[in-house]
Amino acid sequence: INIFNMKLNSGTNIKQLSRWIDEWQEQLFRYAYFRLGNRSDAEDVVQDAFLKIASTTSAIANPKAYLFRIVANGCVDSLRHKSRLKPLEERASAIIPSHSEEMEAEEEFRRIERLLSHLSEAQTEVIRLHIHAGLKFTEIAEMLEEPVTTIKSRFASGIEKLRQQFIN
């Protein structure tokens, strides 16, 4: 993201935004990629999140949680838009990897999506945020505005359902 060509609001300075990008861009991208299954779409969603936080005029208590919420909403919007165009399986198979790492990432995406499709959306979201994005349960709780115990319970029950799939 080229932050030097951006006009920032009075509440966010370039150094602050640059620090946030350095700290969280990789986590945000990984989370978006495993939600969308497409590198380009994930990059767009993350870039839009940083643009939005840069243009926000109000104070943000927790910028990390705010960014993850923006990315999560952006992923939902992108999936909703794409679902009108073609089904998820077609979208995932249409990704043309440029090298072997992307091929492996695509296969991992499909495998994980198959596993997570057996869980509730609430459990899936918590698992993605904790595993893919590397967020702590307290950060997820703050972002989703839920008690930490609820977040931990969703994670544990989701993981247990995944274990049961392998046993059966």
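All of these numbers come straight from a predicted model, not from anything done at the bench.

About the thresholds
- Residues numbered from 1 in each chain as written.
- Predicted model: local features only at pLDDT ≥ 70, side-chain atom pairs only at ≥ 80, totals over all residues.
- Heavy atoms only, no water.
- Phe/Tyr/Trp six-rings, centres within 6.5 Å; stacked < 30°, edge-to-face > 60°.
- Helix = DSSP H or I, 4+ residues; strand = E, 2+ residues; numbered from the N terminus.
- Buried < 20%, exposed > 50% of the residue type's maximum accessible area, 1.4 Å probe, protein only.
- Core = buried A, V, L, I, M, F, W, Y, C linked by side-chain atoms within 4.5 Å.
- Contact = heavy atoms within 4.5 Å.

Colleague: A description of the packing of aromatic side chains should follow, citing residues and the corresponding values.
Modeller: In total, this model carries five aromatic pairs according to the counting rule given. When the centroid spacing of 6.2 Å and the interplanar angle of 20° are considered together, the rings of W20 and W24 count as stacked. Of this pair, W20 and W24 both sit in helix α1 (residues 14–36), four residues apart, which is roughly one turn of that helix. Owing to a relative accessible area of 10%, W24 belongs among the buried residues under this scheme. Seen from their ring centres, F137 and F155 are 5.2 Å apart, and the 65° between their planes marks the pair as edge-to-face. A residue pair is termed long-range when its members are at least 10 positions apart, and F137 in helix α7 (residues 137–144) and F155 in helix α8 (residues 148–167) qualify at 18 residues. F137 gets classed as buried once you look at its relative accessible area, which sits at 18%.

Colleague: An account of the nonpolar core is requested, with residue identities and associated values reported.
Modeller: The nonpolar side chains of a soluble globular protein tend to be buried, and buried together. Grouped together as the largest cluster of nonpolar side chains are 41 residues, with contacts concentrated most on L28, F50, F68, V71, L129 and I140. Only α1, α2 (39–55), α3 (63–85), α5 (100–116), α6 (121–132), α7 and α8 provide two or more residues apiece to this core. Looking at which element gives the most residues to this core, the answer is α1, with ten residues. Leave out the neighbours within four places in its chain, and L129 touches Y31, F68, G134, L135, I140, M143 and L144.

Colleague: Provide a residue-level description of unusual backbone geometry, including the pertinent values.
Modeller: You will see that E145, though not glycine, has its phi angle at about 55°, which is positive. Position of E145 relative to the elements: it lies in the loop between α7 and α8. Residue class for E145 comes out exposed when judged on its relative accessible area of 72%.

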